[in-house]
Amino acid sequence: SPFDPDGDGESNPVVWRPSTGAWFIRDFGQTGNNFAVSWGLPGDIPFVYDPKGSTSEVGVVRLVGTDLLWFFHGPGFLRSNNTRTTLLTFGIFGDILVPGPWEEAGVTNPAVARLFNNVWTFYIYKADGSIRTATIGQNGDLPKVQDYDGDGRFDIAVFRPAAARTIVIYSSNSSTHNFDFASGTADHTVRGDITGDGADDISFWEPISGLFFSLTSDNNFNDTLGRNKN
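The rules behind these values
- Residues numbered from 1 in each chain as written.
- Predicted model: local features only at pLDDT ≥ 70, side-chain atom pairs only at ≥ 80, totals over all residues.
- Heavy atoms only, no water.
- pLDDT = per-residue confidence, 0-100.
- Contact = heavy atoms within 4.5 Å.
- Salt bridge = Lys/Arg side-chain N within 4 Å of Asp/Glu carboxyl O.
- Buried < 20%, exposed > 50% of the residue type's maximum accessible area, 1.4 Å probe, protein only.
- Phe/Tyr/Trp six-rings, centres within 6.5 Å; stacked < 30°, edge-to-face > 60°.
- Helix = DSSP H or I, 4+ residues; strand = E, 2+ residues; numbered from the N terminus.
- Lys NZ or Arg CZ within 6 Å of the ring centre and 35° of its normal.

**Here's the deal with the confidence of the model for the protein chain**
Counting all residues, the mean pLDDT for the protein chain is 89, and 92% of those residues have values of 70 or more. Scored below 50 in pLDDT, residues 226–230 shows 14 contacts in the model against residues more than four places distant or in partner chains.

This is the structure we're talking about:
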């Protein structure tokens, strides 16, 4: 979700410097202001998250043995028993991080995607401590989660480069949809709501032409109406 640590309703640019574990946030509080915070060590994987009842925060995931440890800066992840955690063991070596609003709009859940036996399985850590799982896709697919149906929650999805296809399981009704829209030479996928209708669009950047292409949700992902812009 958009990173808004100062709560002004506008996304802030942010970078993480792995050599020092320092985060740098631009336009914090006011335009041109820079904010820095140290959180993480070399080798960590950075992420941003939206804690319930608070503004956006940062975190890192660290591999310890074969386990992934999630370190939350700030208030941490709110559980359904009204306690918060700033340290969570969740996931294993090789998992891809896919944190986002899986249960509730505007609130981030830890989540990972795992390729095993040629099938992708998504593991989503819920507020009650249970783990939701769902399988989709095959070897060669890439996780491509975002909110395609506009209900404010992430949908489970993968992109299949060999077929230029995005396969989505809607969170609103668990229906599966295939969208054939991608580049024939390279697909640098881009996430976001291009049209501002509340649902994310299927987009990619083609490096050869320098064009961004979007299959937009406001026309029900009709591929004859794909848009492009330099």
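Back to the text.
**Focus on the pattern of salt bridges**
The final tally for this structure, using the stated rule, is eight salt bridges. Here Asp-27 and Arg-26 are joined by a salt bridge, their closest N and O atoms 3.7 Å apart. Accessibility expressed as a relative area gives 25% for Asp-27, which makes it partly exposed. Two residues, Asp-200 and Arg-191, come together in a salt bridge whose shortest N-O distance is 3.5 Å. Arg-191 gets classed as partly exposed once you look at its relative accessible area, which sits at 41%.

**Section: the packing of aromatic side chains**
For the structure shown, the criterion picks out 13 aromatic pairs. Ring geometry for Phe-47 against Phe-72: centres 5.6 Å apart, planes inclined by 85°, an arrangement best described as edge-to-face. Of the two residues, Phe-47 is situated in strand β4 (residues 45–49) and Phe-72 in strand β6 (residues 67–72); the sequence distance between them amounts to 25 residues. Across the pair, Phe-72 and Phe-47 agree in class, each one buried. Both rings, one in Phe-77 and one in Tyr-125, keep their centres 5.9 Å apart while their planes meet at 70°; by these two values the pair is edge-to-face. Here Tyr-125 lies in strand β14 (residues 119–125) and Phe-77 lies in strand β7 (residues 77–78), a separation of 48 residues in the sequence. Neither residue differs from the other here; Phe-77 and Tyr-125 are each classed as buried. One aromatic cluster is present, formed by Phe-47, Tyr-49, Trp-70, Phe-72, Phe-77, Phe-90 and Tyr-125 through successive ring pairs. Between the NZ or CZ atom of Arg-62 and the centre of the ring of Phe-71, over which it lies, the distance is 4.5 Å. Positioned above the aromatic ring of Tyr-123 is the side chain of Arg-114, whose terminal nitrogen or guanidinium carbon lies 4.3 Å from the ring centre.

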